[in-house]
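The residues making up each chain are set out below.
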Amino acid sequence: QDLIDKTDAVFGQVSYRLLQDRLTLTAEARRQWDERAAITRTANPVTRQSGKFRSFTPRVTAEYKVTDENLVYASAAKGVKAGGFNPTSVGQGIGLPPLALLPNEQTFGDESNWTYEIGSKNTFFDGRLLFNASLFYIDWKQMQVRSIPAHANASNPQAPTVIFHNLGNARSKGFEIESAYALTDELNLNFSMAVQDPK
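Residues numbered from 1 in each chain as written. Predicted model: local features only at pLDDT ≥ 70, side-chain atom pairs only at ≥ 80, totals over all residues. Heavy atoms only, no water.

*Asks:* Help me understand the overall build of the protein, please; the structure alone is not making it clear to me.
*Replies:* In terms of regular secondary structure, the protein is built from 0 helices and 14 strands. Ordered by position from N to C terminus, the α and β elements of the protein give β-β-β-β-β-β-β-β-β-β-β-β-β-β. Put simply, of all contacts in the protein between residues at least 6 apart along the chain, 59% involve residues at least 24 apart. If you sum the accessible surface of the protein, you get close to 12,800 Å²; carbon and sulfur atoms cover 55% of it. (Helix = DSSP H or I, 4+ residues; strand = E, 2+ residues; numbered from the N terminus. Contact = heavy atoms within 4.5 Å. Areas by Shrake-Rupley, 256 points an atom, 1.4 Å probe, with all protein chains shown as cover.)

Okay, structure coming up:
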């Protein structure tokens, strides 16, 4: 399969400071246009698939300096992975004919997610101690996953040609901690921890 991709995008950002520059509000946005085409040469005749995918991905952030060494923040951002095309047929291995994909397997749609995060970034003891912590929640829609075609010959060890499809929705939540302490000018102690609960 030959893939042809063309992407155009525009991006903008604006920030505004309040409360004697301690509070910063930022808004960002990206508009993207993807043109994709796929040429399947294992099919007879050769087939060509093409389509256009559009996405809009905003992000808003608020940061507040409690002191010059302590900052708290919150953000919300949308991410998009454009859809695309699987071959109309795939090879199954030596000695087996090409496998024609079902119509609903020949294309897959956009995957998107919203990520929400709150956290704090800090230094203490004249900068000797760094301590950052954050809580996050990620909400996926139409997640893209790889799988074997429905009609693949599972008994053939050379057959695991994989395709993409949209599985459905998923979410993940958790927290992360990052810390570093300069015991001496030559010796640093580092610690980090991440806990996630995906479903």
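*Asks:* I'm lost on a positive patch on the surface in this one. Help?
*Replies:* A contiguous patch of positive charge on the surface is contributed by K6, R31, K52 and R54. Along the polypeptide, R54 turns up in strand β3 (residues 47-67). A relative accessible area of 49% places R54 in the partly exposed class. (Patch = residues over 30% accessible without salt bridge, like charges linked within 9 Å, V, L, I, M, F, W, Y side chains within 5 Å. Salt bridge = Lys/Arg side-chain N within 4 Å of Asp/Glu carboxyl O. Lys, Arg positive; Asp, Glu negative; His and termini not counted. Charge placed at Lys NZ, Arg CZ, Asp CG, Glu CD. Buried < 20%, exposed > 50% of the residue type's maximum accessible area, 1.4 Å probe, protein only.)

*Asks:* Please explain the nonpolar core as it appears in this structure.
*Replies:* In summary, soluble globular proteins display a tendency toward joint burial of nonpolar side chains. Judged by nonpolar contacts, F136, I138, W140, M143 and A170 together constitute the single largest core of 5 residues. If one sorts the elements of this core by residue count, strand β10 (residues 129-141) sits on top with 3 residues. Those residues in contact with I138 that lie beyond four places of it in its chain are N113, W114, T115, A170, R171 and S172. (Core = buried A, V, L, I, M, F, W, Y, C linked by side-chain atoms within 4.5 Å.)

*Asks:* How should the pairing of strand β14 (residues 188-198) be read in this particular structure?
*Replies:* On any regular strand, side chains alternate: one points to one face of the sheet, the next to the other face. With 0 of 11 residues buried, β14 lies mostly on the surface of the structure. As consecutive antiparallel partners, strand β13 (residues 170-182) and β14 are separated by 5 residues. (Pairing = 2+ DSSP bridges.)

*Asks:* Any chance you could explain the environment of D110 here in plain terms?
*Replies:* Its place among the elements puts D110 in the loop between β8 (107-108) and β9 (111-124). For the pair D110 and Q142, spaced 32 residues apart in sequence, the C-alpha to C-alpha distance is 7.0 Å. In contact with D110, other than residues within four places in its own chain, are F53, R54, V80, K81, A82, G83, K141, Q142, Q144 and N166. For D110, the side chain forms a polar contact with the main-chain nitrogen of G83, separated by 2.7 Å. (Polar contact = N/O pair within 3.5 Å; in protein donor to acceptor, adjacent residues only side chain to side chain.)

*Asks:* Help me out: how do you make sense of the side chain of S134 in this one?
*Replies:* Looking at the secondary structure, you find S134 in strand β10. On the basis of relative accessible area, S134 is assigned to the buried category, the value being 9%. For S134, the contacting residues outside a window of four places in its chain are Y73, E117, I118, G119, G174, F175 and E176.

*Asks:* Help me understand the environment of F85 in this model?
*Replies:* Along the chain, F85 turns up in strand β5 (residues 84-85). Residue F85 is classed as buried on the basis of its relative accessible area of 16%. Taking the C-alpha atoms as reference, F85 lies 8.1 Å from R36; in sequence the two are 49 residues apart.

*Asks:* Help me understand a nonpolar patch on the surface in this model?
*Replies:* A surface patch of nonpolar side chains, amounting to about 330 Å² of accessible area, comprises L19, Y64, V66 and V72. Its location among the elements puts V72 in strand β4 (residues 70-81). By relative accessible area, V72 is classed as partly exposed at 34%.

*Asks:* Looking at this structure, I do not really get the sheet that holds β14. What am I missing?
*Replies:* Backbone-to-backbone hydrogen bonds join strands into a sheet, with any given pair of strands oriented parallel or antiparallel. Taken in spatial order, the 8 strands of this open sheet run β1-β2-β3-β4-β9-β10-β13-β14, and their pairing is antiparallel. Pairing within the sheet leaves two strands with one partner each, and these edge strands are β1 (2-18) and β14. Averaged over all pairs of adjacent strands, the angle between their axes in this sheet comes to 10°, without regard to strand direction. Here β1 runs beside strand β2 (residues 23-40); their pairing, made up of 17 bridges, is antiparallel. Note on β2: the bridge partner recorded for K6 is E35. (Axes fitted to C-alpha atoms, helices over the stretch in contact; angles between N-to-C directions.)

*Asks:* How should the side chain of Q49 be read in this particular structure?
*Replies:* With respect to the helices, strands and loops of the structure, Q49 is situated in strand β3. Here Q106 takes part through its backbone oxygen, which lies 3.1 Å from a polar atom of the side chain of Q49.

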